[in-house]
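A closer look at the structure
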Amino acid sequence: MYKYVSGTTSKTVKENYYLHFMRLPVTAFFIFLSLCALSQKKSAFISGKIIDENENPLSKVSVMILGRQTGTLTSDSGTFRLRVPAEKAFALVFTFTGYRNEQRNFYLSDGEQENIAVRMERGSKVLETVTVTDERERKETGLTKINPKNALVLPSTTGGVEGLIKILVGSNNELTSQYSVRGGNYDENLIYINDFEIFRPYLVRSGQQEGLSLINPELARNINFYNGGFQAKYGDKISSVLDIQYKKPKSFGGSVYVSLLEQGFHLEGSSKNEKFSYLLGVRNRTNKNLLSSQETTGSYVPSSADLQTFVTWQLSKKNQLEFLGIVSGTKFLLVPEASQKTSSVFSPVFSANIGLDIFFDGQEKDNYNTNMAGLSLVHQANKNLRIKWMLSRFEDNENENFDIGSTYFFGERNFDKTSSTFGQIVNPLGAGFYRNYARNSLNIVDWDLATKGSLDKGKHFIQWGVSAERTFIKDRLHEWEFQDSAGYSIPFDPNQLQFNNSLNSVADLTINKYSGFIQDNIRLGDTVREFTLQAGLRYNYNSLNKEFLVSPRLQLSYKPNWNRDVVFKAAAGIYDQPPFYRELRRYDGTLNTALRSQKSYQLVAGTDYNFKHNNRPFRITTEAYYKNLWDVDPYDIDNVRIRYFGTNSAKAYATGIETRLFGELIKDAESWLSIAVMQTKENIDNDFYYRYKNAEGDFITAQSTDQVKADSVRTDVGFVRRPSDRLFTLGLFLQDYLSTNKNFRVHLNMLYGSNISYNIPGSVKYRNALIIDPYIRVDLGFSALLLDERSQRRSHSPFRGFENIWASLEVFNLIDRANTISYQLVKDFANNTFAIPNRLTPRLINFKLLARF
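Residues numbered from 1 in each chain as written. Predicted model: local features only at pLDDT ≥ 70, side-chain atom pairs only at ≥ 80, totals over all residues. Heavy atoms only, no water.

1. What about the overall build of the chain?
Scanning the chain for helices and strands turns up seven helices and 45 strands. Counting across all 853 residues of the chain, residues that qualify as buried make up 52%. As displayed, the chain offers around 39200 Å² of accessible surface, 57% of which is attributable to carbon and sulfur atoms. (Helix = DSSP H or I, 4+ residues; strand = E, 2+ residues; numbered from the N terminus. Buried < 20%, exposed > 50% of the residue type's maximum accessible area, 1.4 Å probe, protein only. Areas by Shrake-Rupley, 256 points an atom, 1.4 Å probe, with all protein chains shown as cover.)

This is the structure in C-alpha cells:
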C-alpha cells in the first residue's frame, strides 16, 4: 500500500499530511480575527457640494483624503459623499483643473455625518479652465468667460473689462468704454454687478466726455460675457449681457497703481472666522494727456473719480447679507481755441486736399454723477435650494452746458513745404459761422425690488425670479444751433431769424416695470454622450406704454462620443427691449410715450472644439447667428451720441458668423484671436424719394432751376445699411515674454474693422450713404516685474509687505493711424456739401506702475 515518494517513507508522508491539515483551521481563525478587527474600524461620512465663484455647481472635482489614494469625484450637480476615518485628524483636498486647490481639515466622531459646502476660486492659470475644461462655458450659447487679470495688463486707452470685450466684438472708438454687439447699438447691452443692473450716463455726446467705466477690474473675480442667445434669467435687452461678480476675499490684500491716465488702489480682507469680508476700490482718471493731441486745441480739463465697496456678512450658516455701493463723478471742461482738419477729395473732375480751419469762442462744462446702493439677503435653505432677495437704488444726475461760437473757413489746403503758404488755405470754397448752445439736465432715480432662486434636483437645475421696478425721470432740454453761411442764416428767412436746430422740452415721467422668469437646465444622456437642454420663459410689463411681453427661450448642447473633443450647441428665442429714456425722444425733442418695445427673434448655432498643439491647450469656437427685428426704432450715431426717430417705423435684420481662437500661442501666455463677418440692414416705413424728369424724359436733379420738371418717379429706398453695419472685424490679444526671462512681457492689442456707414441728416435718398474708413488700431505694452519673491527679502526691507511690483510702458496707436469717428458737414459758396472727417487720437505714450500686497 505504501509508496515511496522522493526517497521518503510512507510514515513521513502521513505526518506531513497531518500537519498541513491542522494549519487550515488556524489560518481560518486568524483570517476571521482580521475581518472582525477590520469591521470594527471606526469611520464617518462627509457629504457636500462644490461650487464656483458664482454659486454654480462644479462637476468632476477630485475629492481625496490627504496622503491616501482614497477619494471620489463630484456629480453633475457638484455633490459628493465619502467615507472617512473617525476619531483621528485627516484632511480632504479638492482639486479641479484651472482652480486653486482647497483643503479642509476634520476630526469626526465614530458614525458622525458632516455636510459641507466648498467654494473654489480660479487659479493664476485661468487659461486652462477657460479654454479647455469649463464645460458650462462650452455648453452655453454665446458665453465667453474673461479673466479679469487681463484687464490690468491690456494696453488700451480706456482699459478695463470693456477693453477686453472690444477685442471680441470690435470697436471704432478708443475713447469710449461702450461697445456694439452683432449689429446692435450701445443701448442694447445689459450690465450686471453681483446681480444688480448697472446703467451708464445718457447725455454723453463724445468719447472724450466719458470718465471711468463703472466696472472696477481689481474687484472682479468672475466675468461672463454673452454676445447673443442668452438665457431667460437675463433682462430685457436684445444684444448682449455682461455679468460680473465681485470677489469675496478670505485674507487681507490690496493693490495700488499709478499711470499718466489713471490712479487708484483697492483693499480687501475678511475677519478671522471668515464671516465678514470687504472690498474697497478708489480710482481717479484724467484724459488730459490723451485729449491734448486732438485736432481741436484748447484747454481740456477732464476728471473722473469713483469709490466702490462690496461687503458680505455671514449672519448664520444659512443666511448671508451683501451690500454693493458705487459713487461715481465725472467732470468735463473744454475751452476750445482752434481746429485744423483736412480731407482728401477724389473725383473724375478734380482731386484736392480740402482743409477746414475753425476758430472758437466760449466753453463747454458737463457733469455726470451716478450712485448706486444695493442690499441683498442670500438664504441657503439647504444644499439644493437657494433664495436671494435684493433691493437697490440707482441715481443718475447729468448736466450739459455749452455755449460755443465757431468761425470757419475752408478750401484747398497747400501742402507744398517749399511754399510760403504751406499749411494754409489757398483756394477758398466757403466760410461761415455757427453757434451751439445747450442747458440740459437729466435726473433718473430707479428703485428695484427683486427675488430670485434656484433649486437643484439632480438632472434638473431650476431657476426663477421676479422683479418690481419704479423709475422717475426728470428731463430739461434746451438747446439750439445757429448757422450763418456767407452772410445769411440757414435756413434762410428774410423776415425773421431762424435757428438751424432748436429743442425745448420738459419731461417728468414715472414708469413701473414688472418682470420675471423661470427656466430649467436639464441634463440628459450619459457620461458617454452628454446632452443638455435649457428652456426658459420671461415676461415683462411696462406701465408707460401698457405693453405686456412674453419671451420664450431655448438652448441645446450635445457632446458626441468622438475621439475629438467637440460640443455642438444651438439657441433660439424671443428678445424684446422696452423703451427707456433715449428711445422715447424724437429728433424735435418731444417724447413718444406710446413707443412700443423693439422686438426680435434670434437663432444661433455653433461648435466648440478643444485640442492640443505642441502639448499646449487650444480652443476654437464658431457661432453663426440670425436676428430678425421688428417694431424697430431707427437711430443715427454721431460719435457716441445716439439719436432715435422715436417711432416704431422700421424692420431690420442682422446675420453673421464669428470664430475665436483661445490658447497659448506662446507657451504659458494666454492669447485670443477673434474674426467676425456680419451684415445688418434696416427698412424704414414710407422711406421714399422722387426722381424728376424734364420734357425730353431725361432725369434731372431736384435742385435744377434751368429745366422744367415735367414728370416724377417715386423710388422706394428699401433696405439700407444700419449705422452699426460692419462687414469684417478682427481682434487680437497676444502675450509674449523673453525666452530667457519671463518677468519681461509684451502685450499686444490689435483691432481691425472694415468701413461703416454715416448718415447725412435730413436725406432720405442718401441715408447712411457716407462711408467711414476702416478702423485700424494697434496698442503695445511692455511690462517688467521689478519685485517678486517676498520670502527672499530682508525683514527690514521697505518692500517686505509687497507681493510684487510691475512697471509698464504702453504705446497707444502704434502705427499712428488717423482713424475717423464722424464727419462735419460744411457747404461751399455754391451750396455744395463737403464732409470733413473728425479724427481720433494719434500715437501716445503711457507709463504705469502697479504694486500688490
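2. Quick look at the side chain of Asn-540
By secondary structure assignment, the location of Asn-540 is in strand 24 (residues 530-542). Engagement of the side chain of Asn-540 in a polar contact is seen with the side chain of Asp-236, the distance being 3.0 Å. (Polar contact = N/O pair within 3.5 Å; in protein donor to acceptor, adjacent residues only side chain to side chain.)

3. Considerations on the sheet that holds strand 9 (residues 189-193)
Across the sheet, five strands lie side by side as 8-11-12-9-10; this open sheet has mixed pairing. If you trace the sheet from one side to the other, it starts and ends with strand 8 (143-146) and strand 10 (196-197), each paired once. Where strand 9 meets strand 12 (residues 240-246), five bridges bridge the pair, whose relative direction is parallel. Across the sheet, the residue bridging to Asn-189 is Ser-240, located in strand 12. (Pairing = 2+ DSSP bridges.)

4. Some points on a nonpolar patch on the surface
On the surface, Val-258, Leu-260, Phe-782, Leu-786, Leu-809, Ile-845, Phe-847 and Leu-849 cluster together into a nonpolar patch covering about 720 Å² of accessible area. Elements that contribute at least two residues to the nonpolar patch include exactly strand 41 (775-787) and strand 45 (844-852). Element by element, the count of residues in the nonpolar patch is highest for strand 45, at three residues. Within the element layout of this structure, Ile-845 appears in strand 45. (Patch = residues over 30% accessible without salt bridge, like charges linked within 9 Å, V, L, I, M, F, W, Y side chains within 5 Å. Salt bridge = Lys/Arg side-chain N within 4 Å of Asp/Glu carboxyl O.)

5. A short note on helix 5 (residues 160-169)
Every α-helix winds through 3.6 residues per turn, so residues three or four apart in the chain are directed the same way. With respect to burial, helix 5 is a largely interior element, 10 of its 10 residues being buried. Taken residue by residue, helix 5 has Gly-160, Val-161, Glu-162, Gly-163, Leu-164, Ile-165, Lys-166, Ile-167, Leu-168 and Val-169 as its buried positions. Trailing helix 5 by a residue or two, Gly-170 shows a phi angle of about 90°, which is positive.

6. A look at the packing of aromatic side chains
What the rule picks out here adds up to 31 aromatic pairs. Considering the side-chain rings of Phe-80 and Phe-94, the 5.9 Å spacing of their centres and the 65° angle between planes classify their relative orientation as edge-to-face. Of this pair, Phe-80 sits in strand 4 (residues 79-85) while Phe-94 is found in strand 5 (residues 90-95), placing the two residues 14 residues apart along the sequence. With respect to class, Phe-80 is no different from Phe-94; both count as buried. Centroid distance Tyr-226 to Tyr-234: 5.1 Å. Interplanar angle 50°. Geometry classified as tilted. A relative accessible area of 4% places Tyr-234 in the buried class. Among the aromatic residues, those joined into a cluster by ring pairs are Phe-199, Tyr-202, Phe-394, Phe-580 and Tyr-581. If you follow Arg-714 out to its NZ or CZ, it ends over the ring of Phe-688, 3.7 Å from the centre. Note that Lys-848 overlies the ring of Tyr-257, its terminal NZ or CZ placed 5.3 Å from the centroid. (Phe/Tyr/Trp six-rings, centres within 6.5 Å; stacked < 30°, edge-to-face > 60°. Lys NZ or Arg CZ within 6 Å of the ring centre and 35° of its normal.)

7. Considerations on the pattern of salt bridges
Note on pairing: side chains with opposite charge can pair once their charged atoms come close. Tallied over the entire structure, the rule returns 40 salt bridges. Notably, a salt bridge pairs Asp-361 with Arg-435, separated by 2.9 Å at the nearest N-O pair. Taken together, the residues Asp-361 in strand 18 (residues 351-380) and Arg-435 in strand 20 (residues 425-457) connect sequence positions 74 residues apart. Residue Asp-361 is classed as partly exposed on the basis of its relative accessible area of 35%. The partner of Glu-547 in a salt bridge is Lys-599, with the nearest N and O atoms 3.0 Å apart. With Glu-547 in strand 25 (residues 547-559) and Lys-599 in strand 27 (residues 598-613), the pair connects residues that are 52 residues apart, well separated along the chain. Taking the relative accessible area as the measure of exposure, Lys-599 reaches 10% and is therefore buried. Salt bridges linked by common partners bring Asp-195, Lys-248, Glu-322, Lys-388 and Lys-452 together as one network.

8. Thoughts on the pairing of strand 31 (residues 650-666)
As judged from the 13 bridges shared by strand 28 (residues 616-632) and strand 31, these two strands associate in the antiparallel manner. Its bridge partner being in strand 31, Thr-621 is matched across the sheet by Arg-660. Where strand 31 lies against strand 32 (residues 669-684), 15 bridges are found, and the strand directions are antiparallel. The partner of Ala-652 across the bridge, within strand 32, is Glu-682. What sits between the antiparallel neighbours strand 31 and strand 32 is a turn of two residues, in which Asp-668 has the positive phi angle 65°.

9. Quick notes on the sheet that holds strand 6 (residues 102-106)
An order of 3-2-5-6 is seen for the four strands of this open sheet, with the pairing classed as antiparallel. Either end of the sheet is taken by a strand with one partner, and the two such strands are strand 3 (71-73) and strand 6. Each strand of the sheet is rotated relative to its neighbour by a mean of 15°, with strand direction disregarded. In the sheet, strand 2 (residues 62-65) pairs with strand 3 via three bridges, with the strands oriented antiparallel. Paired with Ser-62 across the bridge in strand 3 is Leu-73. (Axes fitted to C-alpha atoms, helices over the stretch in contact; angles between N-to-C directions.)

10. Things to note about the nonpolar core
With 55 residues, the main nonpolar core has Phe-225, Leu-242 and Tyr-246 as its most contacted residues. When residues in this core are grouped by element, the largest group, six residues, is from helix 5. Excluding anything up to four places from it in sequence, Tyr-246 contacts Ile-193, Asn-194, Leu-214, Ile-215, Asn-216, Leu-219, Ala-220, Arg-221, Leu-279, Gln-308, Phe-310 and Leu-324. Membership of the second largest hydrophobic core comes to 21 residues, among which are Ala-44, Ile-46, Ile-50 and Ile-65. (Core = buried A, V, L, I, M, F, W, Y, C linked by side-chain atoms within 4.5 Å. Contact = heavy atoms within 4.5 Å.)

11. Re the side chain of Glu-481
Inspection of the secondary structure assignment puts Glu-481 in strand 21 (residues 460-485). Buried charge without a partner: Glu-481 forms no salt bridge, and the closest opposite charge is Arg-643, 7.0 Å away. (Lys, Arg positive; Asp, Glu negative; His and termini not counted.)

12. Observations regarding unusual backbone geometry
For Lys-60, which is not a glycine, the phi torsion comes out positive at approximately 60°. Locating Lys-60 in the fold gives a position in the loop between strand 1 (43-51) and strand 2. Here Arg-182, not a glycine, exhibits a phi torsion of approximately 50°, which is positive.

13. What to know about the environment of Thr-95
Among the secondary structure elements, Thr-95 is positioned in strand 5. Of the residues examined, Thr-95 reaches a relative accessible area of 27% and is grouped as partly exposed. In sequence terms Thr-95 and Ser-62 are 33 residues apart; their C-alpha atoms lie 5.2 Å from each other. With sequence-adjacent residues up to four places away left out, Thr-95 is seen in contact with Val-61, Ser-62, Asn-101 and Met-120.

14. Description of the environment of Lys-827
Along the polypeptide, Lys-827 turns up in strand 43 (residues 820-827). Sequence spacing of Lys-827 and Gly-432 is 395 residues, and the spatial spacing of their C-alpha atoms is 8.9 Å. The contact partners of Lys-827, leaving out residues within four places of it in the chain, are Tyr-408, Phe-410, Gly-430, Asn-832 and Thr-833.

15. What to know about the confidence of the model for the chain
Of the residues in the chain, 87% have a pLDDT of 70 or more, and the chain-wide mean is 84. Note on residues 1-40: pLDDT under 50 across the span, and four contacts to partners over four residues away in sequence or across chains. Of the regions scoring below 50 in pLDDT, residues 124-134 engages in 35 contacts with residues more than four places distant in sequence or in other chains. (pLDDT = per-residue confidence, 0-100.)

16. Details of the pairing of strand 45
In the sheet, strand 13 (residues 253-259) pairs with strand 45 via five bridges, with the strands oriented antiparallel. When the sheet's bridge partners are listed, Tyr-257 is paired in strand 45 with Leu-850. As defined by bridge partners, strand 42 (residues 804-812) adjoins strand 45 across nine bridges and the pair is classed as antiparallel. Looking across to strand 45, one finds that Phe-812 is bridged to Leu-844.

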